[in-house]
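Commentary on secondary and tertiary structure
Each chain, written out:
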Amino acid sequence: MLFLIASLFTLGRSQSPECVYRVGYSPLELNLESLRGNRYVYHSADNSEWMYSPCMNAYPCSHDGVTVQAMVDHSPVGVNECFPWAQFNATTQPFWDFGLATWIFNYSNGEPCPNNSQLNRTTQILWTCEPEDATPRFVDSYSYNECNVLIEMKWAGACPPSPPPNDECVFKSGLLGGPSMNLSTVKGDIFSLQETSQNGNIFSYEFSPCANSIYCDSAKSGHSKSVMADIRDSGKQCAKWLAVWSGDAQPFYDRTIFGQDYWDFFWMDGEECGEGGPLEVLNARYYCNPQIPTLNITRAYENGPCQFRIEIDSNLACKNASDSNEKASNQIKRLNQQIFT
């Protein structure tokens, strides 16, 4: 299924340089122009070398009396022999696999297949998203048989662009026609819940949807920061912050076993959990409650080491909230017409 979907997202190349690949008119782009002619080498476990030069036939290779310039070439270490597996062809277009976050090229223009199972040697080249690899890295080669090989490159430049900030505070599930949640009416408002610890100490959780409206002068770290969620002591001093709004959060929509709509957000950018430890993780879960027109924090608690959950009831989390609001508005209009006519 993923292959079918990914195959639909083949590329358009109108007026683009021959080594810049795009998925239609989307912002997805793989730009190999700056890597043209660079040479990448992988030493495989069978004591051989695989060499790859993006967008250029950079390797002169002679085999069986035929000399060609190859983009991908394979040579046993210590043996004066090479095998041309692929040549650059500007018309070869990759496709983008959403499931793997990978650009996939297929080249079927290597030297003739020696076992006659197919016409030529075939090379599949994967450019996989790896945000930590600022420089392309040749990570693997896998030979299916003597006529088919897969090679994988990892590079931050193969990653899709970050989504634009969600300034509207509107979230959707699915591609088309799925449920949506619009929090624009409560964006930046501060909601809180007071709790009492087992020792009788009073503290509170604060949460501000889609905004860093809470100023936290952290008693834990001594740092000050505008944040989306924090914990405060009985004197309203910020004990520590739990999450920072960045505009790129995407929730998961689902329903409980009782059919109640809910939306799950996860943030992993809270304050450091202990010296040298990981950052605090916050899960904010919005439950559908038609009786709550804005937001009401019903529960807030630590649900694991360095992990917190805030549970919220709201009509805004209901799948048909916008439809319900429109129906209610229309009913009021009809009632007013009946009264004043």
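Residues numbered from 1 in each chain as written. Predicted model: local features only at pLDDT ≥ 70, side-chain atom pairs only at ≥ 80, totals over all residues. Heavy atoms only, no water.

**Overview of the pattern of salt bridges**
Side chains that differ in sign of charge can pair as their charged atoms come close. We apply this condition: Counted as salt bridges are all cases of a side-chain nitrogen of Lys or Arg within 4 Å of a carboxyl oxygen of Asp or Glu. Buried means the residue's accessible area, taken with a 1.4 Å probe over protein chains only, is under 20% of the maximum for its type, while exposed means over 50%, and partly exposed covers the values in between.
For the structure on display, the rule yields 13 salt bridges. Residue D261 is joined to R255 by a salt bridge in which the shortest nitrogen-to-oxygen separation is 3.4 Å. Take D261: its relative accessible area is 8%, and that puts it in the buried class. A residue is classified by how much of its surface remains accessible, and R255, at 48% relative accessible area, is partly exposed. Its salt-bridge partner being E311, residue R309 comes within 3.5 Å of it at the nearest N-O pair. Accessibility classification places R309 together with E311 in one group, the buried group. Taken together, the salt bridges that share partners define one network made up of E18, E33 and R36.

**Observations regarding the pairing of strand β21 (residues 229-232)**
Consecutive side chains of a regular strand alternate in pointing toward one face of the sheet and then the other. Threshold: In this text, helices come from DSSP runs of H or I with a minimum length of four residues, and strands from runs of E with a minimum of two, each type numbered from the N-terminal end. Here, strands pair whenever DSSP counts at least two bridges between them.
Going residue by residue along β21, you find A229 and I231 tucked away on one face and D230 and R232 tucked away on the opposite face as well. With four bridges connecting them, strand β18 (residues 202-207) and β21 associate as antiparallel partners. Bridged to S204 within β21 is R232. For β21 and strand β22 (residues 238-243), the ladder comprises four bridges, and the chain directions are antiparallel. Considered in β22, the bridge of I231 is made with K240.

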